[in-house]
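Summary of the model geometry
What follows is each chain in one-letter form.
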Amino acid sequence: MTFNLKKIGPGLLFAGAAIGVSHLVQSTRAGADFGFGLIWALVLVNIFKYPFFQFGPRYAMATGETLLDGYKKLGNGILIIYFILTFATMFTIQTAVTIVTAGLATSIFGDFISTEIWTVIILSICFFILIIGRYSFLDKLIKFIIITLTISTVVAVFFAFKNSNQTLSLTQVFPSTLEFGFLIAFMGWMPAPLDISIWHSIWAIEKQKTEKDYTVKSTLFDFNVGYFTTIVLGLGFLSLGALVMYNSEEVFSGKAGEFSNQLISMYTKSLGNWSYVFIAIAAFITMFSTTLTTLDASPRAMAKTTELLFGKVLRQPYLLWILILISGTILIFFFFKSDMIFLIKLATVLSFLTAPFYAIINYRLISSRHTPKEWQPSTALHILSWLGILFLIGFSIWYLTTLNTSN
């Protein structure tokens, strides 16, 4: 397939939502704490989550409807479970990504504006972008964001490798529950929570409204571009953490502003003051794109779910859910603003533990009579899906068992 930038959109929105806390915070911490020892985890979780993310846009373009419509066909019970899981996690997820974005804004633009005020400002900017520009503006903006982010990160990694004298080591063991807990949190949002597959199916339907020739083949190519980008940047941020921070005596702060200052200052100390602009741009754009796309996606999904479950009882459900999400995010932020690391760990672990549900349901739907035969998974994709489900269930059971043992 020839490359056509106009047909690229939902895949980069997926990348924009995925490349955030999982990359900037978790991948960087993985590199800082374990060097290159967690590359295996990053690669494996990306491979085993791949089919379940891909089933979102595949189903949407093959059937002309979102995954949520498909969930309803499998039974209202599944849709109700999705509604409960999303309502229980969306505020924590939005707060986790927004608090990091606000911390970076405080570091980059100065602390004359508090992290609390930056949180309100960032959410307000995202709100007006989404309400005024809607999907078409978001589609265009995300292309600029991801391209800028990729260039900034690649440049930073190049100079980090050039200036580093470290010996690369890929070996790593996990002798304690604390480290295993970080491993689960790391994989929970790497490259993203699995419910983003639902968001992707919604974005794909929106894309087709503006690009009539946006087909199944187009969406799979678009998805692969976005997914490959998340893997490359995940490796990039892990490498930056390993090359710049590994074996450092610096301990990450749990406060968003202090964490952001530590992150940027440690890079500039090792790479030189000239690198500040690259690191700052890469970091802030990473988190702003995530904040923007998550603020768009969760309300879209909840508006659609509300309609499927209860009918068109709300006049403007998308607007209402955005306002609910913003209000909940600000409320949670004021409770957890001093412990960003705990908030991120909570959100990421919950995402990993709910991943088997989305994996099983997405696989069941794409393999059912509701999906045209020609677009059902190949034998290889079936096998990868089975292995992925076993991987996610196995690690979830292992984590819960280890957690109970430690208590």
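Check the entry above for the structure.
About the criteria used
Residues numbered from 1 in each chain as written. Predicted model: local features only at pLDDT ≥ 70, side-chain atom pairs only at ≥ 80, totals over all residues. Heavy atoms only, no water. Helix = DSSP H or I, 4+ residues; strand = E, 2+ residues; numbered from the N terminus. Expected span 1.5 Å × (residues − 1). Bend = angle between axes of the 7 residues up to and from the residue. Buried < 20%, exposed > 50% of the residue type's maximum accessible area, 1.4 Å probe, protein only. Core = buried A, V, L, I, M, F, W, Y, C linked by side-chain atoms within 4.5 Å. Contact = heavy atoms within 4.5 Å. Patch = residues over 30% accessible without salt bridge, like charges linked within 9 Å, V, L, I, M, F, W, Y side chains within 5 Å. Areas by Shrake-Rupley, 256 points an atom, 1.4 Å probe, with all protein chains shown as cover. Salt bridge = Lys/Arg side-chain N within 4 Å of Asp/Glu carboxyl O. Axes fitted to C-alpha atoms, helices over the stretch in contact; angles between N-to-C directions. Parallel < 35°, antiparallel > 145°, perpendicular 65-115°, else oblique. Nonpolar A, V, L, I, M, F, W, Y, C, P; charged D, E, K, R; others polar. Phe/Tyr/Trp six-rings, centres within 6.5 Å; stacked < 30°, edge-to-face > 60°. Lys NZ or Arg CZ within 6 Å of the ring centre and 35° of its normal.

What follows concerns helix 5 (residues 76–109). Side chains three or four residues apart in an α-helix point the same way, a direct result of the helix having 3.6 residues per turn. Along its 34 residues, helix 5 runs 48 Å from first to last C-alpha, staying within 8% of the 50 Å computed at 1.5 Å per residue. For helix 5, the principal kink sits at Thr 89 and spans about 35 degrees. Taking burial as the measure, the 34 residues of helix 5 include 24 buried ones, the bulk of the element.

Judged by nonpolar contacts, the single largest core of 129 residues is most densely connected at Tyr 71, Phe 186 and Met 187. Those residues within four positions of Phe 186 in sequence are excluded, and the remaining contacts are Gln 26, Ser 27, Ala 30, Leu 38, Ala 41, Leu 42 and Leu 238. Counting residues in each nonpolar core, the second largest holds 7 residues, with Ala 60, Met 61, Val 216 and Leu 220 among its members.

Along the chain, Phe 48 turns up in helix 3 (residues 39–63). The spatial distance from the C-alpha of Phe 48 to the C-alpha of Ile 389 is 7.8 Å, given a sequence separation of 341 residues. Apart from residues lying up to four places away in sequence, Phe 48 is in contact with Leu 384, Leu 387, Gly 388 and Phe 391.

Looking now at a nonpolar patch on the surface. A cluster of nonpolar side chains, Phe 87, Phe 310, Val 313, Leu 314, Leu 320 and Ile 324, forms an exposed patch at the surface whose accessible area comes to about 510 Å². On the basis of relative accessibility, which here comes to 54%, the residue Phe 310 falls in the exposed class.

This part takes up the environment of Ala 17. Position of Ala 17 relative to the elements: it lies in helix 1 (residues 10–18). Its relative accessible area of 7% is what places Ala 17 among the buried residues. In contact with Ala 17, other than residues within four places in its own chain, are Ile 196, Trp 199, Trp 203, Thr 290 and Thr 293.

Look at the link from Met 190 to Pro 191: it is a cis peptide, with omega at -5 degrees. Among the structural elements, Pro 191 can be located in the loop between helix 7 (177–188) and helix 8 (196–210).

Before going further, it helps to examine the side chain of Thr 329. Along the chain, Thr 329 falls in helix 12 (residues 317–336). Note on Thr 329: relative accessible area 1%, which makes it buried. With residues up to four places along the chain from it excluded, the contact list for Thr 329 reads Phe 91, Gln 94, Thr 95, Thr 98 and Leu 123.

With that settled, consider the pattern of salt bridges. Summed over all chains, the structure comprises 4 salt bridges. Note that Lys 73 is salt-bridged to Glu 65, the shortest N-O span being 2.9 Å. In this structure Lys 73 comes out as partly exposed when scored by relative accessible area, which is 43%. With a closest N to O distance of 2.9 Å, Arg 300 and Asp 296 form a salt bridge.

As a packed pair, helix 4 (residues 67–74) and helix 5 sit with axes 5 Å apart at the nearest point and diverge in direction by 130 degrees. Between helix 4 and helix 5, the crossing angle belongs to the class labelled oblique. Of the residues in helix 5, those touching helix 4 at Leu 68, Tyr 71, Lys 72 and Leu 74 are Asn 76, Ile 78, Leu 79 and Tyr 82. For the contact of helix 4 with helix 5, the class distribution of residues is 6 nonpolar, 1 polar and 1 charged.

As a further point, take the packing of aromatic side chains. Under the definition given, this model contains 26 aromatic pairs. Where Phe 391 meets Phe 395, the ring centres are 4.8 Å apart and the plane angle is 55 degrees; that geometry is what we call tilted. Of this pair, Phe 391 and Phe 395 both sit in helix 14 (residues 379–406), 4 residues apart, which is roughly one turn of that helix. What makes Phe 391 buried here is its relative accessible area of 11%. Owing to a relative accessible area of 12%, Phe 395 belongs among the buried residues under this scheme. Clustering of aromatic rings is evident, with ring pairs tying together Phe 14, Tyr 50, Phe 53, Phe 223 and Tyr 227. Between the NZ or CZ atom of Arg 300 and the centre of the ring of Tyr 318, over which it lies, the distance is 4.9 Å.

So, on to the environment of Asn 76. Tracing the backbone shows Asn 76 in helix 5. Each C-alpha atom of the pair Asn 76 and Leu 309 lies 7.4 Å from the other, and the pair is 233 residues apart in sequence.

On their own, these measurements won't tell you what the molecule is for.
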